[in-house]
Amino acid sequence: MSKPAVLVAEELSPAGIALLEEDFEVRRVDGADRSLLLPALADVDALIVRSATKVDAEALAAAPRLQVVARAGVGLDNVDVEAATKAGVLVVNAPTSNIVSAAEQAVNLLLASARNTAPAHNALVNGEWKRSKYTGVELYEKTIGVVGLGRIGALVAQRLLAFGTKVIAYDPFVQPARAAQMGVEMTTLDDLLGRADFITIHLPKTKDTLGLIGEEALHKVKPNVRVINAARGGILDEDALYRALKDGRVAGAGIDVFAKEPCTDSPLFEFENVVVAPHLGASTHEAQEKAGTQVARSVKLALSGEFVPDAVNVQGTGVAEEIKPGLPLTEKLGRVFTALAGALPSRIDVEVRGEIAAHDVKVLELAALKGVFADVVEDTVTFVNAPLLAKERGVEVDLVTSDESGDWRNLIAVRGVLADGTRVSVSGTLTGPRQIEKLVEVNNYALEIGLAEHMVFLSYDDRPGIVGKVGALLGDADVNIAGMQVIRDQEGGRALIALTVDSAVPDAVLASISGEIDAAVTRQVDLED
């Protein structure tokens, strides 16, 4: 009987290849050459890529036997996860392979900026001995501002504390108590900007963080500040940084990532006090070795029919058939929960009620955590790193099961308590032969509305005319309402409007709605992949 075939389309560590060769026939191809890749996919069971191989609908269609696509790295920009999911193909990556390397690169850039290493090197190799010109600064007793205290930000903070620094951090999704355990003071972004001698960025790139450190922020910093970005290009506005450096409002910078890559020409390159690198955060032998062995292990699990913790979509094996339909629902509930909360809770309870509670539903807890963190962190969230993300941020998690589910055959709920005591909850179910995903409870308001890509929730004091105002404002913005429910706790009390809309609502329109409806709380949820 022939062994399953694994196609390695790009360079993989020798240790990863060795793991694969224990059980599989390992084939190689140049994945960047489509004329070679597509025919090579015809009879393989697994495909391993890095960043150069494009795994799109065409490639998936050329691979009728394909069971798993593995990305030997963190990002998945070159893999069409939605198309793979529709084709029943598992997608995995190596989410923790590069975190140490990325943290060390940030520290490396920070030190190089502090000591003017790059211009001093260039001067010396050009025959110039300029000790006095390139006098730097110590880190000792300086204040380091860490913007984003996730896994990489925490590793950076840990390393910089060893230099005798004061570390302060801004991250709305980290509990202050967790930061205190690390010796880090949590603060506001404005306070961090005004106090820090060094600012190092470790946030995910989202619509909310894009350009976060921009013109306004860089007018609040001390003139001796040095800014480091080894996270994602675009969070630090490069044009605003250029003007700040030109005006002397920023003393230096270390840049590993750019808004558009590859970047070989930038106005920032004219400054001697800017040290740059071509996105080397994950470029270490150790990170590549970890990536290769992690995806090799995931491929072995997938092809042996076992549950794959590093799966990023829901077509994994090793899960009871009765549970599988609930995985995407639960993940979406987690995303809705985070959007409604606006911050991470100190505690999360995942409740699974009804007939499915008779099965092992631990994977639903993991799916809920995947959703909770999906829009919080930059890295792809998987079943294996989601619990670690919760632990690192001081979030307690509990799974509650019961065979009683009230009005529904099965019910899945995500409930949490924020640091200020506010309670947030969201519940959902699957209905009918087609297993339609329904939202059936939000913050103790009972409703029944289909989950959609774009949803808006408005909480306000119940009074006449609100529905008309909301509809008019959305209509003026050319946003079409697909569905609406209005629920209230009592006449004249608090009310909730749940909307599904055909397109995302612009932030300015949401602000207008909040302004028109006195005491409104407005939240938008975008469930697009």
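In this numbering scheme, every chain counts its residues from 1 along its sequence in written order. Totals for whole chains, interfaces and linings use every residue, but because this is a predicted model, local features are given only for residues with pLDDT of at least 70 and side-chain atom pairs only at 80 or more, for both listing and counting. Side-chain figures throughout are based on the complete set of non-hydrogen atoms in the structure, without hydrogens or water.

**Details of the sheet that holds strand β21 (residues 494-501)**
The condition is simple: At least two DSSP bridges between two strands are required for those strands to pair. Each helix corresponds to a stretch of at least 4 residues labelled H or I by DSSP, and each strand to a stretch of at least 2 residues labelled E; elements are numbered beginning at the N terminus. Interaxial angles span 0 to 180 degrees and are taken between N-to-C directions of axes, which are lines fitted to C-alpha atoms, for helices over the stretch in contact.
The strand order across the open sheet built from 4 strands is β20-β21-β19-β22, with neighbouring strands paired in antiparallel fashion. Strand pairing shows two members of the sheet lacking a second neighbour, β20 (481-488) and β22 (521-526), which therefore form its edges. Averaged over all adjacent pairs, the angle separating strand axes in this sheet is 15°, with direction ignored. By the bridge criterion, 6 bridges tie strand β19 (residues 454-461) to β22 in an arrangement that is antiparallel. Paired with H454 across the strands is D526, a residue of β22.

**Considering the environment of A253**
Relative to the helices and strands, A253 is located in strand β11 (residues 252-255). Residues A253 and I228 lie 25 residues apart in sequence; the distance between their C-alpha atoms is 5.6 Å.

**Overview of the packing of aromatic side chains**
In plain terms, the rule: Between rings of Phe, Tyr and Trp, where Trp is taken as its six-membered ring, a pair exists when centres lie within 6.5 Å; planes separated by under 30 degrees are stacked, by over 60 edge-to-face, and by other angles tilted. The rule is simple: take the accessible area with a 1.4 Å probe, protein chains only, and divide by the maximum for that residue type; under 20% is buried, over 50% is exposed, in between is partly exposed.
One pass over the structure, following the stated rule, counts 2 aromatic pairs. Ring plane angle 90° and centroid distance 6.2 Å describe the contact between F258 and F269, whose orientation is recorded as edge-to-face. Pair noted here: F258 is in the loop between β11 and β12 (274-276) and F269 is in the loop between β11 and β12, with a separation of 11 residues, a long-range link. You can call F269 partly exposed: its relative accessible area is 35%.

**A closer look at the packing of helix α15 (residues 466-476) against helix α16 (residues 507-516)**
Here is the rule we go by: Roughly parallel means an angle under 35 degrees; roughly antiparallel, over 145; roughly perpendicular, 65 to 115; everything else is oblique. For a crossing to be left-handed, the near helix must be turned anticlockwise from the far one by less than a right angle; the clockwise case is right-handed. Contacts are assigned to residue pairs that have any heavy atoms within 4.5 Å of one another. Put simply, Ala, Val, Leu, Ile, Met, Phe, Trp, Tyr, Cys and Pro go in the nonpolar bin, Asp, Glu, Lys and Arg in the charged bin, and everything else, Gly too, in the polar bin.
Viewed as axis vectors pointing N to C, α15 and α16 meet at an angle of 155°, and their least axial separation amounts to 10 Å. The angle between the axes of α15 and α16 places the two elements in the roughly antiparallel class. Classified by chirality, the crossing of α16 by α15 is right-handed. Residues K469, V470, L473 and L474 of α15 form the contact with α16, whose participating residues are V509, S512, I513 and E516. Among the residues making up the contact of α15 with α16, the classes are represented as 5 nonpolar, 1 polar and 2 charged.

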